[in-house]
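# Overview (structure and organization)
Chain by chain, the residues run as shown.
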Amino acid sequence: MLNWDELVASCSTCIKCQLGSTRKKIVIGRGNINAPIMMIGEGPGEQEDLQGLPFVGPAGKLLDLLLEAQMIKKEDYYIANIVKCRPPGNRVPLDEEAERCLPFLRNQVYLIKPKIIVCLGSTAMKYIIDKEAKITQIRGQWIERKGYWIMPTFHPAALLRDESKKLLMWEDIKKVKQRLDNICQN
Ligand code: URA
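As the structure is a prediction and not an experimental result, all values here were calculated from the model.

### Side note on the packing of aromatic side chains
Aromatic ring pairs: the centre-centre distance and the angle between the two ring planes describe each pair. The final tally for this structure, using the stated rule, is two aromatic pairs. Ring geometry for Trp4 and Tyr78: centres 5.8 Å apart, planes at 55°, overall tilted. With Trp4 in helix α1 (residues 4-12) and Tyr78 in strand β3 (residues 77-81), the pair connects residues that are 74 residues apart, well separated along the chain. The class of Tyr78 is buried, set by a relative accessible area of 3%. Taking 6.0 Å as the distance between ring centres and 85° as the angle between the ring planes, the aromatic pair formed by Trp142 and Trp149 counts as edge-to-face. Judged by its relative accessible area of 23%, Trp142 is partly exposed. According to the relative accessible area criterion, Trp149 is partly exposed, its value standing at 25%. Lying across the ring of Phe154, Lys165 places its NZ or CZ 5.3 Å from the centre. Directly above the aromatic system of Trp142 lies the positively charged group of Arg179, at a separation of 4.5 Å from the ring centroid.

Okay, here's the thing in structure tokens:
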């Protein structure tokens, strides 16, 4: 495994898939690299590609609001994506793109050693939990695997399209906060 500096250098020059040739900026992650929670989304959108930071567009703003309202502080989490370069037109990353990029994410998880991993949406769920699962069926239920507590929930962009998902995601993030509080007490 690489250390942080090596990882950043390796990501920054990566052309292991075609997304490397169309990105403006690589989006490695943001937040506390010693945080107990790691959140994982799908891939950078337009704003993220311009700024080089994940979840800084409309979906990210909504996520920030949700976390703040649940009293999950900025220092409590680190946030990253399945792929580190923007898929053109915000399409879903191809299998090959995700598979080539995943070693970087695994390296991040190894360095951060989070207690809790939150999968934001079906792409994160697919590569982290189960390729065949349905997010609407497994969201809100803890999965314990390899010492991590994993919580699948909706992608915040899905809430922008469908208001009825807001309450469900609120409940899921509430569970994350409860577990965080338990971890902090012990
Ligand atoms: N959607 C994602 O999945 N990730 C981002 O960083 C932004 C939007």
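There is more to say, and it comes next.
### What about the pattern of salt bridges?
Side-chain pairs of opposite charge can arise where the charged atoms are in close proximity. Per the counting criterion, the structure on display carries eleven salt bridges. Across the pair Lys74 and Asp64 runs a salt bridge, and its minimum N-O distance is 3.8 Å. Placement of Lys74 in the loop between α3 (58-69) and β3 and of Asp64 in helix α3 is noted, with a sequence separation of ten residues between them. On the basis of relative accessibility, which here comes to 53%, the residue Lys74 falls in the exposed class. Arg91 is paired through a salt bridge with Glu97; the nearest N and O atoms lie 2.8 Å apart. Judged by its relative accessible area of 29%, Arg91 falls in the partly exposed class.

### A short note on the nonpolar core
One finds Ile37 and Ile82 to be the most contacted residues of the largest nonpolar core, which totals 54 residues. Element by element, the count of residues in this core is highest for helix α4 (residues 95-112), at seven residues.

### Concerning α3
The end-to-end C-alpha separation of α3 is 17 Å, in line with the 16 Å expected for twelve residues at 1.5 Å each. Of the surrounding elements, those touching the buried residues of α3 are β1 (30-31), β2 (37-41), β3, β4 (116-120), α7 (156-161) and α8 (165-185).

### Some remarks on the site of the ligand
The full set of residues close to the ligand is Gly41, Glu42, Gly43, Glu48, Pro54, Phe55, Asn81 and His155. Separating a nitrogen atom of the ligand from a backbone N or O atom of Gly43 is a distance of 3.0 Å. Side-chain polar atom of His155 to an oxygen atom of the ligand: 2.7 Å apart, as the coordinates give it. Contact with the protein chains hides 90% of the accessible area of the ligand, taken as 240 Å² for the molecule alone.

About the criteria used
Residues numbered from 1 in each chain as written. Predicted model: local features only at pLDDT ≥ 70, side-chain atom pairs only at ≥ 80, totals over all residues. Heavy atoms only, no water. Phe/Tyr/Trp six-rings, centres within 6.5 Å; stacked < 30°, edge-to-face > 60°. Helix = DSSP H or I, 4+ residues; strand = E, 2+ residues; numbered from the N terminus. Buried < 20%, exposed > 50% of the residue type's maximum accessible area, 1.4 Å probe, protein only. Lys NZ or Arg CZ within 6 Å of the ring centre and 35° of its normal. Salt bridge = Lys/Arg side-chain N within 4 Å of Asp/Glu carboxyl O. Core = buried A, V, L, I, M, F, W, Y, C linked by side-chain atoms within 4.5 Å. Expected span 1.5 Å × (residues − 1). Contact = heavy atoms within 4.5 Å. Near = heavy atom within 4 Å. Polar contact = N/O pair within 3.5 Å; in protein donor to acceptor, adjacent residues only side chain to side chain. Areas by Shrake-Rupley, 256 points an atom, 1.4 Å probe, with all protein chains shown as cover.

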